[in-house]
Amino acid sequence: FLDKGGINAFINDTLADESIYTDVNKLIAVGKKVRDKIMDTPFQTEFETELKAQWLRVSGGSETFTFAVRSSATAEDLPDASFAGQQETYLN
């Protein structure tokens with residue numbers, strides 16, 4: 001989704017401006033731009049079809065199936081830094 005929708009390239013281009021790393025207001029604006037790009041980009045047809053098929057498999061077709069999605073960084077806990085709890089979690 002990120003690659004095929006051009007989102008990865010957009011993120012990399014947007015983060016290339018090194019001034020965002022010293023200006024929190026610019027960083028906030030860039031974060032919003034990236035989130036908006038993700039939300040405004042439709043799923044590719046084959047991705048959406050597979051996603052729906054897997055949802056049906058996992059939920060068993062239940063209309064009341066509940067779940068939690070947690071975003072997790074690849075290195076939340078490093079020897080000299082911890083980023084745990086800085087990612088967003090959404091509950092349905």
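Preceding block: the structure.
Each value, and the rule that gives it
- Residues numbered from 1 in each chain as written.
- Predicted model: local features only at pLDDT ≥ 70, side-chain atom pairs only at ≥ 80, totals over all residues.
- Heavy atoms only, no water.
- Phe/Tyr/Trp six-rings, centres within 6.5 Å; stacked < 30°, edge-to-face > 60°.
- Lys NZ or Arg CZ within 6 Å of the ring centre and 35° of its normal.
- Helix = DSSP H or I, 4+ residues; strand = E, 2+ residues; numbered from the N terminus.
- Buried < 20%, exposed > 50% of the residue type's maximum accessible area, 1.4 Å probe, protein only.
- Core = buried A, V, L, I, M, F, W, Y, C linked by side-chain atoms within 4.5 Å.
- Contact = heavy atoms within 4.5 Å.
- Polar contact = N/O pair within 3.5 Å; in protein donor to acceptor, adjacent residues only side chain to side chain.

Let's talk about the packing of aromatic side chains
With the rule as written, the count across this model stands at five aromatic pairs. Their ring planes at 65 degrees and their centres at 4.9 Å tell us that Phe43 and Phe47 sit as a pair that is edge-to-face. Among the aromatic residues, those joined into a cluster by ring pairs are Phe1, Phe43 and Phe47. It is Lys37 that lies over the ring of Phe10; its NZ or CZ is 5.5 Å from the centre.

Some details on the side chain of Gln44
Along the polypeptide, Gln44 turns up in the loop between helix H2 (24–40) and helix H3 (45–59). Under the relative-accessibility criterion, Gln44 is labelled buried at 14%.

A word on the nonpolar core
With five residues, the main nonpolar core is built from Ile7, Ile11, Ile20, Val30 and Val34. Elements that contribute at least two residues to this core include exactly helix H1 (7–15) and H2. Setting aside anything within four residues of it in sequence, one finds Val34 in contact with Phe10, Ile11 and Thr14.

Re the environment of Asn8
When you line up the elements, Asn8 lands in helix H1. Assessed through its relative accessible area of 29%, Asn8 is described here as partly exposed. Taking the C-alpha atoms as reference points, Asn8 and Ile38, separated by 30 residues in sequence, lie 9.7 Å from one another. If we skip the residues at most four places from it in the chain, Asn8 touches Leu2 and Asp3. Of the polar contacts made by the side chain of Asn8, one reaches the side chain of Asp3; its length is 3.2 Å.

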